[in-house]
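The residues making up each chain are set out below.
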Amino acid sequence: MTTGDNPLTTPTATTAAATPDAPGFSLKARLFRPATRQKLLAFASLIALMVFFSFASPQFLQTDNLVSILQSTAVNGVLAIACTFVIITAGIDLSVGTLMTFCAVMAGVVLTYMGMPLALGIAAAIFFGALAGFVSGVLIAKLKIPPFIATLGMMMLLKGLSLVISGTKPIYFNDTPGFTAISQDSLIGDLIPSLPIPNAVLILFLVAVAASILLNRTILGRYTFALGSNEEAVRLSGVNTDFWKVVVYTVSGGICGIAGLLIASRLNSAQPALGQGYELDAIAAVVIGGTSLSGGTGTIVGTIIGAFIMSVLTNGLRILSVAQEWQTVITGVIIILAVYADILRRRSSNKH
Amino acid sequence: MIQRRAVTTTLGAALIGLSGFAQAQQAQEIYIPLVSKGFQHQFWQAVKSGAEQAAKDLKVKVSFEGPESESMVDKQIDMLSAALAKKPQAIGFAALDSQAAIPLLKKAQAAKIPVVAFDSGVDSDIPVTTTTTDNKAAAALAADKMAELIGKSGEVALVVHDQTSRTGVDRRDGFVNRIKSTYPNIKIVSVQYGGGDQLKSTEITKSILQASPNLKGIFGANEGSAIGVVNGVKEMKRNGKVVIIGYDSGKQQKNAIADGSMAGAITQNPVGMGYKTVEMAVKAIKGEKLPKVVDTGFFWYDKTNITDPKIAAVLYD
């Protein structure tokens, strides 16, 4: 996929350079780029939350609890990465939650119903994710159905299919040894016993690195940003925008497949009724991480920080035994504040 | 930047307020968190109030949490893991999916934290006891009452909350199996699922009524489903012609029974379930021997006995 050219000299570079994510020339310039600043602010907020919860409760900073936080971030983090691609193109994907479930169910069909080896189950989850993403992409790019509607339809369609295929019962993976290891075991912990970080988190990290490379170092990434900044200009410059849009949704769908594997492995089952509502958590993480819903800007690092802010907040409030009604209120307030801080930051950076 | 700082300060102040609260609650001695299958429904609120009553009587501290919907298995696992991180003396748990919770339950076992299962229980040896309603038997009683009220023949339908959860499956099967085994002249024309959502269940009921002009009765398998059935029958102007049987209580359902639009309903004993769960947990902490299952019971109630003190005590608004 990599063109090998310096991004700033290629034809689409004008659009890419207009976005805050074009590679800068000096460290100083990089540090003061708005996207970097948002990342720093988001990161500072995350640290502030962690410091606060550590002081508020002696149980918060214990290894077990930190491991639970990491574990609970993995699925939402991977879904949020999938959403980041789509949101940067100024699209939206409401189907990521039920698509994740659909992929988990397909892994269950291949592994439990058909008794195939583990590798094929993994491949099936990612393949069906990409396939569903491809369908969304075609609906949006070729049939010109607005992304909100197309993916809303896909959300329901996939939810229904998951229930039909599974016969509305959870599919268990008891016959596939090693399946739960995908999420639950800890390769890092085997090497360094004091760091029992579950594999799910390792996978989240690998997906994040791969997604970052895809976004920042490949032609796909450049077109993703370009589609979100000025699709018409890109099209007029001779780029097949429809094709690239389909590619973006396909990649995003494949990433949802990975999320499907993570959640199925964690629960040792594909739960067909689960999934709806998860898209909103993913979108919240993306937005807290500084990716604009109007497209053209965004980073994977920001999204990951956003996902961690959400899970640290949820876990911390639980550890403090804050009443559940208030947990929801506080989470809502934090999302609004995070996005408002981002707007203030944008406004002030526009003045410079 | 100033505005941003103001935002941060407000946030900081709010969180410091919370931390004061947190410090206060750590002073308590015995702490028993309950991780439930739900939170927003009145049923779970009734379980919670029973648990809080027991906490007061037995001088322990409890907390009560559950996911927004019964499909959110992973969210419940996160809640359980946060509850364990607080190093409680015992824990109450109503599993959405037993298998998914096993690794954490093993951890609780290793840490010598007794687990009391409640509601649909946990499919494992780890819990020291389970406080529960026999949902199959309760739904079979609903089927008997339905048969009696429609003269043991005709068409009936079910509106169930969902097809994956234990209670959904048990209530459906309990009702359907009793009709099939005992009442050959009753035909089940439709079993539909409305997620326990009143509006969805209303729409489902209307379409069932549309499709079956001779329908004699509908069983709504939880609170939301039952209210939906009542609304649907009303909107289709078929009240009086269709016998409605509900499940659980809640203000709307009680009103429907009082005004005759619903024939009657099965009630569990959610307050008792919450109370027993905490009581059993305290006994487990003291090392007392516990029965494997504590049946919290169920009752049929209708217009005639709704004000009976024994029934009124287990109903909730």
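Cut-off values and rules
- Residues numbered from 1 in each chain as written.
- Chains lettered and ligands numbered in written order.
- Predicted model: local features only at pLDDT ≥ 70, side-chain atom pairs only at ≥ 80, totals over all residues.
- Helix = DSSP H or I, 4+ residues; strand = E, 2+ residues; numbered from the N terminus.
- Buried ≥ 20, exposed ≤ 12 C-beta atoms within 10 Å, placed from the backbone.
- Contact = placed C-beta atoms within 7 Å.
- Nonpolar A, V, L, I, M, F, W, Y, C, P; charged D, E, K, R; others polar.
- Expected span 1.5 Å × (residues − 1).
- Domains from an automatic or database assignment.
- Pairing = 2+ DSSP bridges.
- Axes fitted to C-alpha atoms, helices over the stretch in contact; angles between N-to-C directions.
- Left-handed = near helix turned anticlockwise from the far one by under 90°.
- Core = buried A, V, L, I, M, F, W, Y, C linked by C-beta atoms within 7 Å.
- Right-handed = clockwise from strand over helix to strand, strands pointing away.
- pLDDT = per-residue confidence, 0-100.

With that settled, the discussion passes to the overall build of chain A. A count of helices and strands for chain A gives 14 helices and two strands. Looking at chain A as a whole, 55% of its 352 residues are labelled buried. For chain A, restricting intrachain contacts to residue pairs at least 6 apart in sequence, the fraction spanning at least 24 positions comes to 77%.

Turning next to the interface of chain A and chain B. Between chain A and chain B, the contact holds 37 residues from the first and 31 residues from the second. The element that contributes the greatest number of residues to the side of chain A that touches chain B is helix H14 (residues 324-351) of chain A, accounting for six residues. Looking at the side of chain A that touches chain B residue by residue, the class counts come to 18 nonpolar, 15 polar and four charged.

Let's shift gears to helix H5 (residues 135-150) of chain B. Residues and elements named next belong to chain B. For H5, spanning 16 residues, the distance from its first C-alpha to its last is 23 Å, which sits close to the expected 22 Å at 1.5 Å a residue. For H5, the set of buried residues is Asn135, Ala138, Ala139, Ala140, Ala142, Ala143, Lys145, Met146, Ala147 and Ile150. A positive phi of about 75° marks Gly151, the residue just after H5.

Turning to the domain arrangement of chain B, a few remarks are in order. All names here are of chain B. Each assigned domain of chain B is listed with its residue range as follows: domain 1 (28-133 + 270-297) and domain 2 (135-268). Taking only C-alpha atoms into account, the centre of domain 1 sits 30 Å from that of domain 2. Taken together, the contact pairs 11 residues of domain 1 with 11 residues of domain 2. Split by residue class, the side of domain 1 that touches domain 2 holds four nonpolar, six polar and one charged.

Next up on the list: the sheet that holds strand S3 (residues 91-93) of chain B. Whenever strands of a sheet pair, they do so through backbone hydrogen bonds, lying parallel or antiparallel. All names here are of chain B. If you walk across this open sheet you meet the six strands as S2-S1-S3-S4-S5-S11, and the pairing is parallel. The open sheet is flanked by strand S2 (61-65) and strand S11 (293-295), the only strands paired with a single partner. Along the sheet, successive strands turn relative to each other by an average axial angle of 20°, direction set aside. Strand direction decides the pairing type here: strand S5 (residues 129-132) and S11, joined by three bridges, are parallel.

Turning next to the packing of helix H5 (residues 96-113) of chain A against helix H11 (residues 241-267) of chain A. All names here are of chain A. Running from amino to carboxyl end, H5 crosses H11 at an angle of 65°, the nearest separation of the two axes being 7 Å. Between H5 and H11 lies a crossing of right-handed hand. Of the residues in H11, those touching H5 at Val96, Leu99, Met100, Thr101, Cys103, Ala104, Ala107 and Gly108 are Gly253, Cys256, Gly257, Ala259, Gly260, Leu261, Ile263 and Ala264. The class makeup of the residues in the contact of H5 with H11 is 11 nonpolar, five polar and no charged.

Residues and elements named next belong to chain A. By the element assignment, Tyr340 lies in helix H14. Accessibility expressed as a C-beta count within 10 Å gives 13 for Tyr340, which makes it partly exposed. Between the alpha carbons of Tyr340 and Ile288 there is a distance of 9.6 Å; along the sequence they are 52 residues apart.

Take the nonpolar core next. Counting residues in hydrophobic clusters, the biggest one holds 160 residues, and the most contacted among them are Val78, Leu79, Ala107, Ala259 and Leu262 of chain A. Among the elements that line this core, the one with the most residues is H11 of chain A, at 15 residues. Excluding its chain neighbours within four sequence positions, the residues that come into contact with Ala259 of chain A are Val75, Val78, Leu79, Ala82 and Met100 of chain A. Core analysis: the second largest hydrophobic core is formed by 43 residues, Ala140, Leu158, Leu209 and Ile257 of chain B among them.

Attention shifts here to the pairing of strand S8 (residues 215-220) of chain B. Residue and element names in this part refer to chain B. By the criterion of burial, S8 is predominantly enclosed, with six of the six residues buried. Taken together, the five bridges between strand S6 (residues 154-160) and S8 define a ladder with parallel strand orientation. Across the sheet, residue Glu155 finds its bridge partner in S8, namely Leu215. Across three bridges, S8 lies against strand S9 (residues 243-247) in parallel orientation. Following the sheet pairing, Phe219 is matched in S9 by Ile245. In this fold, the crossover linking S8 to S9 by way of helix H8 (residues 223-235) has right-handed handedness.

Bringing the confidence of the model for chain B into the picture now. All names here are of chain B. Confidence in the prediction of chain B, expressed as mean pLDDT, is 88, and 91% of residues score 70 or more. Taken as a whole, residues 20-28 scores under 50 in pLDDT and shows seven contacts with residues more than four places along the chain or in a different chain. Of the two predicted TM-score estimates for the complex, the pTM is 0.78 and the ipTM is 0.72.

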